[in-house]
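Observations on chain architecture
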Amino acid sequence: MEIRKAGTVADVAAAEHLFDHPVRPEWAERFLTTAGHHLLLAYEEGAVAGFVSGVETWHPDKGAEMFLYELAVGEPYRRRGIGRALVLRLAALARERGCYGMWAGVDAGNDVALAAYRSAGGKGDGTCTVVTWDF
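Residues numbered from 1 in each chain as written. Predicted model: local features only at pLDDT ≥ 70, side-chain atom pairs only at ≥ 80, totals over all residues. Heavy atoms only, no water.

**Quick notes on the overall build of the protein chain**
Secondary structure summary: the protein chain contains four helices and five strands in total. The N-to-C order of helical and strand elements in the protein chain reads β-α-α-β-β-β-α-β-α. The C-alpha radius of gyration of the protein chain comes to 15 Å, within 12% of the 14 Å expected for a compact globule of 135 residues. If you line up the protein chain on its principal axes, its C-alpha atoms span 40 × 35 × 30 Å. Across the 135 residues that make up the protein chain, the buried fraction comes to 36%. Across the protein chain, the fraction of contacts at a sequence separation of at least 24, relative to all contacts at a separation of at least 6, is 55%. For the protein chain, the accessible surface area stands at approximately 8,900 Å², while carbon and sulfur atoms represent 53% of it. (Helix = DSSP H or I, 4+ residues; strand = E, 2+ residues; numbered from the N terminus. Rg over C-alpha atoms; globule rule 2.2 N^0.38 Å. Buried < 20%, exposed > 50% of the residue type's maximum accessible area, 1.4 Å probe, protein only. Contact = heavy atoms within 4.5 Å. Areas by Shrake-Rupley, 256 points an atom, 1.4 Å probe, with all protein chains shown as cover.)

**A few points about the sheet that holds strand β4 (residues 63-73)**
The strand order across the open sheet built from five strands is β1-β2-β3-β4-β5, with neighbouring strands paired in mixed fashion. Each having just a single partner strand, β1 (2-5) and β5 (102-103) make up the two edges of the open sheet. In this sheet, β5 lies alongside β4 in parallel orientation, the contact comprising two bridges. From the neighbouring strand, Phe67 faces β5, where its bridge partner is Trp103. (Pairing = 2+ DSSP bridges.)

**Some points on the nonpolar core**
Ranked by size, the top nonpolar core spans 21 residues in total, and within it Ile3, Leu40, Val52, Leu68, Ile82, Leu86 and Leu90 carry the most contacts. When residues of this core are traced back to their parent elements, those giving at least two are β2 (37-44), β3 (47-59), β4, α3 (82-96) and α4 (111-119). With seven residues, the top contributor of residues to this core is α3. Those residues in contact with Leu86 that lie beyond four places of it in its chain are Ile3, Leu40, Leu41, Ala42, Gly50, Phe51, Val52, Leu71 and Ala72. One finds Val12, Val48, Phe51 and Ala72 within the second-largest nonpolar core, a separate group that totals 13 residues. (Core = buried A, V, L, I, M, F, W, Y, C linked by side-chain atoms within 4.5 Å.)

Laid out in structure tokens, this is it:
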């Protein structure tokens, strides 16, 4: 397995099968060119097997923190440590960029995601509630 940072819209489009919706080139370009946005792709034998995206968030009294926005691994590649490796690589990138920590919101009952995050050193007791606004 090889993990590389996405650098082009074509890189993002190659991972489209892992996203929730089709990749929109203008949105992919904006993501890639916005400071503090990161998309790491895992490759197995030249094919995109998974990805993790992260966004650096800043606060006046805390500094930078990495928000692990999304993790996906294709069905044929699951249970091989790819998700764990992606999370660990994002955590390493966060440390390199001076972030004091990293966090992810996880839906209650998403045991697969929780297992991947915990295997990469994440901790949490499942008491967090995510509040959303749809516009």
